[in-house]
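Per-entry structural report
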Amino acid sequence: MGRTAIGAGAVIGGSTAIELLSTTRVWAAAEGTDGDILNFALTLEYIEATFYERGNAASLITDAREKDIFATIQKDEEAHVQALTDTLNKLGVAPVAKPTITFPASTFASRDSYLKLAMIFENTGVGAYLGQAGSITNKDILQAAAGIFGVEARHAALIGVISGATPEGGIYKGATETPIAKSDVLAAVMPFIGGMPNTGFAPAQRSVNYLPAGLAIGGAAAALMAFRTRGSRTPPP
Amino acid sequence: MNQDPFEGRSVIQFTSERDRRAFLKYAALVGIGGSLVSALPISNALAATSPSPSPSGSPSPSASSAPSGSPSAAGSGTSQFGAGDIGILNYALTLEYLESEFYQKGLAANILGDDAKYITPVAAHEAAHVAALTATLNKLGATPATKPTFVFPPTTFTDTATFLKSAVIFEETGVKAYHGQVVLIKDGAILGAAASIAGVESRHAAVLNYLTQMPPVANPVEQHATADEILAAIKPFLGA
């Protein structure tokens, strides 16, 4: 692996000059093998694909162009599931089984609630992939994971536009994307899944001390947790 | 001088757009590298906006000469900008210079109407990328590439539609350029930084495609292009 250890790197958003190589540690040390990372990604993609399958079936988006975009996003997430599964098989690593996925009852009750969670999922996905970028050792897998990452960023931006979000801070998240640690992502999505057979993933308990205090469970992952908490209190319609 | 650089030619072609279903069936990440490279060379699309239209057919992707404004070192790809990661950073800086100037001029021209709210942050991002890459190169003890003199087709900053279509192409080019370097970057921190910029370029591309009624996500994964392909594509924008 011709890649130096991730350590001193970092990039953090802001519209002024960014120190790409500051001393702030944001990049995680390797959190597992490429197979582990792919199964982590596959889990997220299962959740996203299921989310759009259910949300699109609920016919909450009625504008023709928006509907088309949501159909495309669903197909993209399904393609990611398929591609990750195929790749794991190729590597000889068992793909994680699709978990039981549940969303708060209010999620698909309105266009607004659907868009809101979609935006959080996409931005969490962006941060999740970016958080693993430095840990992937196989170049083909890195190329592909980066390619998926970019598409998740497109989705995030589009949902921001469709939601009428403010450009900076909503559609865009600054001049650079912000990575999210795997443990934070898992903590945020765990409530949506009813178990993750054969991965060995457990709810995150490892502290993320490589993150600056202000960034720990910040941003999209925190929003996801907050959404789930609020959503679960909403009685079913 | 061609007054309508887009006349008679599609601005950008998404050859893989109709291949989604096939992708679902056949794509395995490990195999993606080759298949994505076979997509339409970006140079074909960019040539459509070039101020001095290329001869029919696509320009040679083998950029036989270094673009003016690039550092002195000979070679192809990013090596003409420096060795290894330094060359990649300077290559990225050159592209960001182009994007940054393009948006600064576009905003200054005041032709964007309501769309300006979407473009203003984009201009700020590109300027931030220039600053960040420059700072990083300085920190590494390398000399940042100097900003080339850029030329744009005459209607770029007078016609809103032309500007936005050009923006789509620049963003899609930027995305392909960064993704083309991802696996070539040696340093993990630089990789992370480049990826974090690439994601923002993807957001820009999606929004600009949306604004121009183009398919905003043409493929389930981003495509990539080599430095030689990208440099050949932007060569028409590099002045003497």
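Since we're looking at a predicted model, the values are computed, not measured. (Residues numbered from 1 in each chain as written. Chains lettered and ligands numbered in written order. Predicted model: local features only at pLDDT ≥ 70, side-chain atom pairs only at ≥ 80, totals over all residues.)

Take the overall build of chain A next. Each helix and strand in chain A was counted, giving six helices and zero strands. Secondary structure elements in chain A, listed N-terminal to C-terminal, are α-α-α-α-α-α. Counting only residues that meet the buried cut, chain A has 54% of its 237 residues in that class. The contacts in chain A between residues at least 6 apart in sequence include a share of 77% that link residues at least 24 apart. (Helix = DSSP H or I, 4+ residues; strand = E, 2+ residues; numbered from the N terminus. Buried ≥ 20, exposed ≤ 12 C-beta atoms within 10 Å, placed from the backbone. Contact = placed C-beta atoms within 7 Å.)

What chain B contains, in helices and strands, is eight helices and zero strands. Secondary structure of chain B in N-to-C order comes out as α-α-α-α-α-α-α-α. Within the span of chain B, comprising 240 residues, buried residues form 55% of the whole. For chain B, long-range pairs separated by at least 24 residues make up 75% of all intrachain contacts whose partners lie at least 6 apart in sequence.

All names here are of chain A. Looking at where Glu78 falls in the secondary structure, it is placed in helix H2 (residues 64-91). A count of 21 C-beta atoms within 10 Å places Glu78 in the buried class. Taking C-alpha positions, Glu78 is 17 Å from Tyr129, a pair spaced 51 residues apart along the chain.

A word on the confidence of the model for chain B. Residue and element names in this part refer to chain B. Looking at chain B, pLDDT values average 78 and 68% of them are 70 or higher. Averaged pLDDT values over the elements of chain B bottom out at 33 in helix H2 (residues 29-37) and peak at 98 in helix H4 (residues 84-108). Contacts from residues 1-73, a stretch scored under 50 in pLDDT, to residues over four places away or in other chains number 139 contacts. (pLDDT = per-residue confidence, 0-100.)

For helix H5 (residues 116-139) of chain B, with 24 residues, the first-to-last C-alpha span of 34 Å sits near the 34 Å given by 1.5 Å per residue. Here H5(B) lies mainly inside the structure; 17 of its 24 residues are buried. (Expected span 1.5 Å × (residues − 1).)

A word on the environment of Ala226(A). Relative to the elements of secondary structure, Ala226(A) occurs in helix H6 (residues 219-233). Residue Ala226(A) is classed as exposed on the basis of its C-beta count, with 12 C-beta atoms lying within 10 Å.

What follows deals with the nonpolar core. Counting 127 residues, the largest nonpolar core has Ala145(A) and Ala194(B) as the members making the most contacts within it. For this core, the element with the highest residue contribution is helix H4 (residues 139-163) of chain A, accounting for 15 residues. Once residues lying within four places of it in the same chain are set aside, the contact partners of Ala145(A) are Ala41(A), Tyr129(A), Gln132(A) and Ile136(A). (Core = buried A, V, L, I, M, F, W, Y, C linked by C-beta atoms within 7 Å.)

Our focus in this paragraph is the packing of H2(A) against H4(A). Residue and element names in this part refer to chain A. Two elements in contact, H2 and H4, have axes separated by 11 Å at closest approach and are oriented at 160 degrees. Relative to H4, the element H2 is oriented roughly antiparallel. Remark: the crossing between H2 and H4 carries left-handed chirality. Of H4, the residues touching H2 (which contributes Glu66, Ile69, Ile73, Asp76, His80 and Thr87) are Ile141, Ile148, Val151, His155, Leu158 and Ile162. Residues that form the contact of H2 with H4 fall into these classes: seven nonpolar, three polar and two charged. (Axes fitted to C-alpha atoms, helices over the stretch in contact; angles between N-to-C directions. Parallel < 35°, antiparallel > 145°, perpendicular 65-115°, else oblique. Left-handed = near helix turned anticlockwise from the far one by under 90°. Nonpolar A, V, L, I, M, F, W, Y, C, P; charged D, E, K, R; others polar.)

Let's shift gears to the packing of helix H3 (residues 111-132) of chain A against helix H5 (residues 182-189) of chain A. Residue and element names in this part refer to chain A. One can describe the packing of H3 onto H5 by two numbers: an axis separation of 9 Å at closest approach and a directional angle of 150 degrees. Relative to H5, the element H3 is oriented roughly antiparallel. Note that H3 runs across H5; the crossing there is left-handed. Judged by residue contacts, Thr124, Ala128, Gly131 and Gln132 of H3 engage Lys182, Val185 and Ala188 from H5. When the residues that make up the contact of H3 with H5 are grouped by side-chain class, the tally is three nonpolar, three polar and one charged.

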